[in-house]
Amino acid sequence: MSEMSVTKVRSGHAGAGAVPLRTSLVGLGAGVVWSFGATLARMADGADAWQYLIWRSVGIIVVLEAVNVVRRRRSPLVRAFREGWLMFAGCCSLFVASIGFVYAVKNTSAANAAFLSSMSPLIAAVFGRVFLGERMSRVTLAAIALSVVGLAIMVVADRGGGNVRGNIAAVCASFGFALYTLCLRRDRVRNWDPIMPGYAFMMIVVCSTITVSTGNSLVPSASDIALALLHGGVLITIGTTMFNAASRKVPAVAMAVFAQTETVFVPLWVFLKFSEQPTWQTLLGGALILVAVVGKAVLDNREARMAVGLSG
């Protein structure tokens, strides 16, 4: 899952009326656009995860700052570090999520990276219970149990395949996404737009420090830099714009489902480009995780509608 797909928590308050087909396609398309990012990260095989993240973050900041200059708005990067501890916590959460996902893409199968990182809505439900006192329904508990089974199948099958660190990174990405979701729940009315350049700046500082300390160059090949800039400056920004535009009219439950198109297409593009075929254990475990995430969204929405009907 892209780090931006969790923005549905903030923006998914659209009503439950009829949604135009074009708007739904825009929501679905956002996940498809994000999904190309994993393939670009794989194609940049001369850059390690740290180098790639530096230049991907440069792409994000340059594009977002340019957009705000054109619109004559104050720099979102400056605002990111002037809005208190919660904004800083959100930046740190996306920082962890992004490092985890890109490291996973480069160190385990694309399918594992996509499926394991898609568990964030379920982990967020646990965090909501622990930190915010939110109730966990039987649907949520069943979804968590099902996803844990899927996780176990994938990890156990890969334990001897040299992908352990990548799998752990993908799970860490889920935790980072979930923590970001928790920050959004703490303040639903805040403008969270500065979060993107804020975490990207942190990424540049930390990844540059790690790169220099390990004796590597901050400047990989021109082709790797171009791929990273394309990922950050084009795919992430365009995908996010599409997702946010759709979320103004599409109900939150539908957007939660639409976001999973990224999870489905990531392994597809990598298979088509690199002929990387997921194992049957990965497909089975990933299917269980997807059923848990999508099923929870759909059933939660059904329970909410029934509650409204009874109260009416």
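In this text the structure is predicted, and so the values were computed from the model without any measurement.

**Quick word on the side chain of Asp-224**
Of note, Asp-224 is situated in helix 11 (residues 222-247). One buried charged side chain, Asp-224, makes no salt bridge at all; its nearest oppositely charged neighbour is Lys-106, positioned 6.9 Å away. Not counting chain neighbours up to four residues away, the residues in contact with Asp-224 comprise Met-43, Ala-44, Asp-45, Gly-46 and Ala-47.

**Notes on the environment of Ala-111**
The residue Ala-111 is located in helix 6 (residues 110-117) in this model. Looking at Ala-111, the relative accessible area reads 1%, which means it is buried. For Ala-111, the contacting residues outside a window of four places in its chain are Met-154, Pro-267, Glu-276, Pro-278 and Thr-282.

**Details of the pattern of salt bridges**
Scanning the model with the defined rule gives three salt bridges in all. The shortest N-O distance in the salt bridge between Glu-276 and Arg-42 comes to 2.8 Å. Within this pair, whereas Glu-276 is found in the loop between helix 13 (261-274) and helix 14 (280-311), its partner Arg-42 is found in helix 2 (residues 21-43), the two being separated by 234 residues in sequence. For Glu-276, a relative accessible area of 24% puts it in the partly exposed group. Linked by salt bridges that have partners in common, Glu-83, Asp-187 and Arg-190 make up one network.

Rules and cut-offs
- Position labels on residues start from 1 in each chain and follow its written sequence.
- pLDDT decides what is reported in this predicted model: residues at 70 or higher carry local features, side-chain atom pairs at 80 or more are listed and counted, and totals for whole chains, interfaces and linings draw on all residues regardless.
- Note: side-chain values were computed over all heavy atoms of the structure, leaving out hydrogens and water.
- In this text, helices come from DSSP runs of H or I with a minimum length of four residues, and strands from runs of E with a minimum of two, each type numbered from the N-terminal end.
- Using a 1.4 Å probe on the protein chains alone, a residue whose accessible area is under 20% of its type maximum counts as buried, one over 50% counts as exposed, and one in between counts as partly exposed.
- Charge convention: Lys and Arg are scored as positive, Asp and Glu as negative, and His as well as the terminal groups of each chain are ignored.
- Salt bridge, as used here, is a side-chain nitrogen of Lys or Arg placed within 4 Å of a carboxyl oxygen of Asp or Glu.
- The contact rule is simple, with two residues in contact once any of their heavy atoms fall within 4.5 Å.

That is the geometry; function is a separate question.
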